[in-house]
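Here are the chains, one letter per residue:
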Amino acid sequence: MREGHAIVRAGRVERAGGDPGPMPAASLVKPVLAHLALAVLDELDEPVHGAITVRHVLSHTTGLPDREPGSPAGPLPPLRPPGVRWGYSGEGFVLLGRHLERRTGRPLNRLVAEQALGTLGMADSALRGGGPSGRSTTSWPGAPAGGWSWACRSTGGSGASRTGQPLRHRLPR
């Protein structure tokens, strides 16, 4: 939902409503990608792009800057070598998403549905990527035009469906 409201009593959603349109995923996709990396990869030190590893992305030590709104598409020059210093960057997560697609052979939205949303019983939610132009607006090839968004169907006031089961994964090396 882009805009909405919910009445929660005793930890239960009694009533929910609002605009059921897609909501920009922005930084909400980062913990989901982190979960996917831990769920499907065996090695945190495998390269994602050049010398940047999964571990660098998850710890925000890629050395990449964060993309400023309105900046032109194309690769961003690194600020420093990977692993040297912490620095917030969403660009590393774009790389991680593409890496997960390459390693699994499945599109990221399908991975999210199978490994995260489906596990939680969130059948009415989905990760959608890209805009109508099909042109990437982020720095790496294949990144969704217009960014990612969460889509969910209105639940008619019953609240989001969920199993109550936590996401589970083994910790890679």
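Remember, it's a predicted structure, so these values are computed and weren't measured experimentally.

**Q** Please provide a residue-by-residue account of the overall build of the chain, values included.
**A** Helix and strand counts for the chain come out as four helices and seven strands. N-terminal to C-terminal, the α/β element order of the chain is β-β-β-α-β-β-α-α-α-β-β. By the burial criterion, 36% of the 173 residues in the chain qualify as buried. A sequence separation of at least 24 residues applies to 61% of the contacts in the chain between residues at least 6 apart.

**Q** Give a detailed account of the packing of helix α1 (residues 29-40) against helix α3 (residues 91-104), specifying residues and quantitative values.
**A** Direction vectors running N to C along α1 and α3 enclose 35 degrees, while the axes themselves pass 10 Å from each other. Of the two elements, α1 crosses α3, and the hand of that crossing is left-handed. Across the interface between the two elements, K30, L33, L36, A37 and V40 from α1 touch F93, L96, G97, L100 and T104 from α3.

**Q** Please set out helix α4 (residues 108-117) residue by residue, giving values where relevant.
**A** For α4, the full list of buried residues reads L108, L111, V112, A116 and L117. Angularly, the buried residues of α4 cover 150 degrees about the axis, an arc narrow enough to put them on a single face.

**Q** How would you explain the environment of A113 if you had to name every residue and give the values?
**A** Its place among the elements puts A113 in helix α4. Residue A113 is classed as partly exposed on the basis of its relative accessible area, which comes to 37%. With 14 residues separating them along the chain, A113 and L127 place their C-alpha atoms 7.5 Å apart.

**Q** Explain the nonpolar core to me, using residue names and the numbers behind them.
**A** Counting 23 residues, the largest nonpolar core has L33, L36, V54, L96, L100, L108 and V112 as its most contacted members. When contributions to this core are tallied by element, the ones reaching two or more residues are α1, α2 (54-58), α3 and α4.

**Q** Break down the pattern of salt bridges for me, with residues and values.
**A** Evaluation of the coordinates by the stated rule reveals four salt bridges. Its salt-bridge partner being D45, residue R55 comes within 2.7 Å of it at the nearest N-O pair. With R55 in helix α2 and D45 in the loop between α1 and β4 (47-49), this residue pair connects regions lying 10 residues apart in the sequence. Look at D45 and you get partly exposed, because its relative accessible area is 41%. With a shortest N-O distance of 3.0 Å, R106 and E114 are connected by a salt bridge. The class of E114 is partly exposed, set by a relative accessible area of 39%.

**Q** Describe α3, listing the residues and the values that go with them.
**A** Along an α-helix, residues three or four apart share an orientation, since each turn contains 3.6 residues. An ideal rise of 1.5 Å per residue puts 20 Å on 14 residues; α3 measures up with 20 Å between its terminal C-alpha atoms. Counted residue by residue, α3 has 10 buried out of 14 residues, so it is predominantly covered. Buried within α3 are the following residues: E91, G92, F93, V94, L95, L96, G97, R98, H99 and L100. One or two positions beyond α3, positive phi appears at G105, with a value near 75 degrees.

**Q** Could you give me a rundown of the confidence of the model for the chain, with the residues and numbers involved?
**A** Do not read the fine detail of predicted coordinates wherever pLDDT is low. Averaged over all residues, the pLDDT of the chain is 73; the fraction at 70 or higher stands at 66%. Within the model, the stretch residues 130-146 combines pLDDT values under 50 with 40 contacts to residues more than four positions away or in other chains. Predicted confidence is poor over residues 154-171, with pLDDT under 50, and the contacts of this stretch with residues over four places away or in other chains come to 31 contacts.

**Q** Break down the environment of D45 for me, with residues and values.
**A** With 10 residues separating them in the primary sequence, D45 and R55 have C-alpha atoms 5.8 Å apart. Leave out the neighbours within four places in its chain, and D45 touches T53 and R55. Polar side-chain contacts of D45 include one of 2.7 Å to the side chain of R55.

**Q** Give a detailed account of the side chain of K30, specifying residues and quantitative values.
**A** Mapping K30 onto the fold places it in helix α1. No salt bridge forms around the buried K30; measuring N to O, its nearest opposite-charge neighbour D66 is 5.9 Å away. Ignoring sequence-local partners within four residues, the contact set of K30 consists of H60, Y88, G90 and F93.

Scoring rules and cut-offs
Residues numbered from 1 in each chain as written. Predicted model: local features only at pLDDT ≥ 70, side-chain atom pairs only at ≥ 80, totals over all residues. Heavy atoms only, no water. Helix = DSSP H or I, 4+ residues; strand = E, 2+ residues; numbered from the N terminus. Buried < 20%, exposed > 50% of the residue type's maximum accessible area, 1.4 Å probe, protein only. Contact = heavy atoms within 4.5 Å. Axes fitted to C-alpha atoms, helices over the stretch in contact; angles between N-to-C directions. Left-handed = near helix turned anticlockwise from the far one by under 90°. Arc of directions from axis to C-beta. Core = buried A, V, L, I, M, F, W, Y, C linked by side-chain atoms within 4.5 Å. Salt bridge = Lys/Arg side-chain N within 4 Å of Asp/Glu carboxyl O. Expected span 1.5 Å × (residues − 1). pLDDT = per-residue confidence, 0-100. Polar contact = N/O pair within 3.5 Å; in protein donor to acceptor, adjacent residues only side chain to side chain. Lys, Arg positive; Asp, Glu negative; His and termini not counted.

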